Structure formats: structure tokens, C-alpha cells
Amino acid sequence: MADLNNSYAYASPRFPVFYDAWVFAMFGNTNSETSVYQKYLRSYSHRQVILDLCTGTGRVVRALGEDYSHKSLEDAIIYGIDHAPAMVQRAQATCTPTHPMQEHKWKVASATNFYEALDDGEKVDLLINSAGSISHLLHRRDVQSFLDQVKKSLRPQTGVALISVLVEMIHGPEEKEGPGGSEDLVQDGMGGLILPCEDDGEGLSGYWHKSATKVTWNEDKTVRTDSFYVELHTGGSGAVAWREDLNWGLAVFDEKAWAEDVESAGLKVVNMIPEGDSYQRFYVLSNLAT
Ligand SMILES: C[S@@+](CC[C@H](N)C(=O)[O-])C[C@H]1O[C@@H](n2cnc3c(N)ncnc32)[C@H](O)[C@@H]1O
């Protein structure tokens, strides 16, 4: 866990509650991509095993249960895995199985080494990696390790992985120069924000203030760092109860390297759900290749 430094946003124990408020401000209760997941749910003779990798606060796990019903979800085993303990804790506290036989399993593990976190080497029917989380893997060798773990964890022949890539990370810095480069800064999360806070998880209420995001690029323009601060203002005076300077890194998505690495891992891209007007593209990987 060496990479979880003090100001890494997802490692902050205060961040997850704000994250949920922020995502709600951007998307409301709609999870447009759940129709993509729904397409790949299957009924098997065994209990379907779903893995939401980089689960964060469990948004996808919640959406799977709440947005629609599918017979296979009734007794599904749903893993939520993330390397940030605070995010996993929040997911565990906010997600409830939607059926008596549905089982949730929450684990702290890295996307580059998660196979061992699956109980008894359990195989996965549907692996979901949403919201462009893959771009948090900053080095090609991390993406390669991730793909090796996907290969190991997917059920032979029938297992499918849905990997989301943010369109802005496919295009890289020339398409967008950070704050000011976007049509809608609130929609894409880059702008400053004031959001109500009913309970920060420690009983404090008031409002959140997120600063505009500052974007910096490394020298060869392959990795960008997003930095911002989050404050919680409480009471009538709006006093700052806490403030944290936070950041994360995002790597530009290299389509050529990705194609090579998917093949080397023994996986196959069987579909690409095009970005269209969307902010993300899904790669559908199958474990058909041997
Ligand atoms: C953009 S959030 C997405 C959260 C959630 N899937 C959603 O759709 O709301 C990215 C998540 O990826 C997690 N993450 C980033 N790098 C990771 C890694 N190497 N291993 C496991 N989780 C990672 C972060 O902790 C964070 O919770």
C-alpha cells in the first residue's frame, strides 16, 4: 500500500462521504452505464459471481441491486474490491444485499494483485471496472499486472470483464487543457463546488466546499495529477471544521499498448461500447482465448 500517501484523495478517511455527495451532484440517481452491465448478466447453473473492482463507495454494487432486477442477481455473490480502506468501509456501510440469498463480500486489495482476495480462488463471471478507474494505474506494468489478474480471476470460457476508460484520457492533454478546457466544469467534476452535507460521517453537518481542480502534467504528458482541496464548513458562521489538500494521478490511455497487453494476457476484446456522447468507453474483454 506504499502508494496510498497522505494527500491521495481516496486514502482520506473524510473523502468517501464527500465523494458520494459529489457524484450525486454530477449524476443524480441515474447510473447511465448500468444498462451496459445488465447486458452481460447471465443465469448459470452456479451462483453468478460479480466483481466490482475499484468499487470505491460501492456505487456500482448499489446500482446493480437498485436499478433493475435480473434473476441471476437474486443469489449472486458480489465482491467489491478497492485498495482504499476508507472507500471500502463506506461501501460496506451503505450497500445492502437486495435479496436474502445475495451475498456481498468487501475486500481491500490492489487492482494489480486482487486474485488472492477472492475466497478459495473463486472464479468471476462478470468483472466490472467502472468510471475510468483503470487510469489510476499510472504505469504500463501496472496495467499488465491488472490484466494478468483479470485473466486469472475470470471463469474460463464464459467470464467477461467490462473495463471503462474515460474518453478524456484516451485523447490526452491536447484535447483538453485542464480547468477552463471544459464546457461544463460541474458536470465533469473539475469546477469548484458547494454541496450540502447532512452528516460527514462523524456527526458534523453544514456544507462542503471543493475547490476547482488544478491539473498538472508530467514532462512527457503521459500522466496528469489532479489537485484540489475539500473543506467542511459547519454551524451558522460556516467555520471550517476541516480541510484537506487532495490529489490523484491519471494516466493517458494508450490504445496500442492496451491492445498488445490484452492479447499477451490471453484475453480478447469482443466488443467496445462506443463513447458516443458518453464520457466513457467500455472495453468488453472475454476469457475465450486460451
Ligand atoms: C473514480 S473512483 C470509482 C469508484 C467507483 N467504481 C464508482 O464508479 O463510483 C476510483 C476508485 O479506484 C480506486 N483505485 C485506484 N487505484 C486503485 C488500485 N491500484 N487498486 C484498487 N483500487 C484502486 C480508488 O481507491 C477509487 O475508489
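The model shown is predicted, which means the values in this text are computed figures rather than measured ones. (Residues numbered from 1 in each chain as written. Predicted model: local features only at pLDDT ≥ 70, side-chain atom pairs only at ≥ 80, totals over all residues.)

## Description of the UniProt feature "domain: Methyltransferase" (unreviewed entry) in the protein
UniProt marks residues 50-156 with the feature "domain: Methyltransferase" (unreviewed entry), using the numbering shown here. Here residues 50-156 is 31% helix and 19% strand, with 14 Å between the C-alpha atoms at its ends. (UniProt positions renumbered as here; feature names shortened; annotations may be inferred. Helix = DSSP H or I, 4+ residues; strand = E, 2+ residues; numbered from the N terminus.)

## Thoughts on the domain arrangement of the protein
Per the domain assignment, the segments of the protein are domain 1 (31-171 + 254-286) and domain 2 (173-251). A C-alpha centroid distance of 26 Å is found between domain 1 and domain 2. The class makeup of the residues in the side of domain 1 that touches domain 2 is 3 nonpolar, 3 polar and 1 charged. (Domains from an automatic or database assignment. Nonpolar A, V, L, I, M, F, W, Y, C, P; charged D, E, K, R; others polar.)

## Description of the site of the ligand
Taken together, the neighbourhood of the ligand is formed by 19 residues, with Tyr10, Cys54, Gly56, His83 and Ala131 sitting nearest. Here the shell around the ligand is composed, by residue class, of 9 nonpolar, 8 polar and 2 charged. (Near = placed C-beta within 6 Å.)

## Comments concerning the nonpolar core
Core analysis: the largest hydrophobic core is formed by 62 residues, its most contacted members being Leu51, Leu53, Leu127, Val150, Ala161, Ile163 and Leu285. Residue contributions to this core peak at 6 residues, all from strand S5 (residues 160-166). The residues contacting Leu127, other than those within four sequence positions of it, are Leu51, Leu53, Val150, Ser153, Leu154 and Ala161. (Core = buried A, V, L, I, M, F, W, Y, C linked by C-beta atoms within 7 Å. Buried ≥ 20, exposed ≤ 12 C-beta atoms within 10 Å, placed from the backbone. Contact = placed C-beta atoms within 7 Å.)

## Quick word on unusual backbone geometry
The backbone of Asp120 shows a phi angle near 50°, a positive value even though the residue is not glycine. By the secondary structure assignment, Asp120 is in the loop between strand S3 (103-108) and strand S4 (126-129). The phi angle at Gln157 is positive, at roughly 75°, despite the residue not being glycine. With respect to the secondary-structure elements, Gln157 resides in the loop between helix H5 (140-153) and S5. Accessibility expressed as a C-beta count within 10 Å gives 10 for Gln157, which makes it exposed.

## Quick word on the confidence of the model for the protein
Per-residue pLDDT for the protein has a mean of 90; in total, 90% of the residues score no lower than 70. For the stretch residues 176-183, pLDDT sits under 50, and the model shows 12 contacts to residues farther than four places along the chain or on other chains. (pLDDT = per-residue confidence, 0-100.)

## Comments concerning the environment of Tyr207
Note that Tyr207 resides in strand S7 (residues 206-210). Taking the C-alpha atoms as reference, Tyr207 lies 39 Å from Val49; in sequence the two are 158 residues apart. Among all residues touching Tyr207, those that are not within four sequence positions of it are Ile194, Leu195, Pro196, Cys197 and His233.

## Details of the packing of H5 against helix H7 (residues 255-264)
Here H5 crosses H7 at 35°, and the two axes come no closer than 9 Å. H5 and H7 meet at a crossing whose hand is right-handed. Across from Arg140, Val143, Gln144 and Leu147 in H5, the residues of H7 making contact are Ala257, Asp261 and Val262. Residues of the contact of H5 with H7, tallied by class, amount to 4 nonpolar, 1 polar and 2 charged. (Axes fitted to C-alpha atoms, helices over the stretch in contact; angles between N-to-C directions. Left-handed = near helix turned anticlockwise from the far one by under 90°.)

## A look at the pairing of strand S1 (residues 49-53)
The buried fraction of S1 is high, at 5 of 5 residues. Pairing of S1 with strand S2 (residues 77-82), which is carried by 5 bridges, proceeds in the parallel orientation. Considered in S2, the bridge of Val49 is made with Ile77. In this region the chain leaves S1, passes through helix H3 (residues 59-67) and returns to the parallel neighbour S2; the handedness of that crossover is right-handed. For S1 and S4, the ladder comprises 4 bridges, and the chain directions are parallel. (Pairing = 2+ DSSP bridges. Right-handed = clockwise from strand over helix to strand, strands pointing away.)

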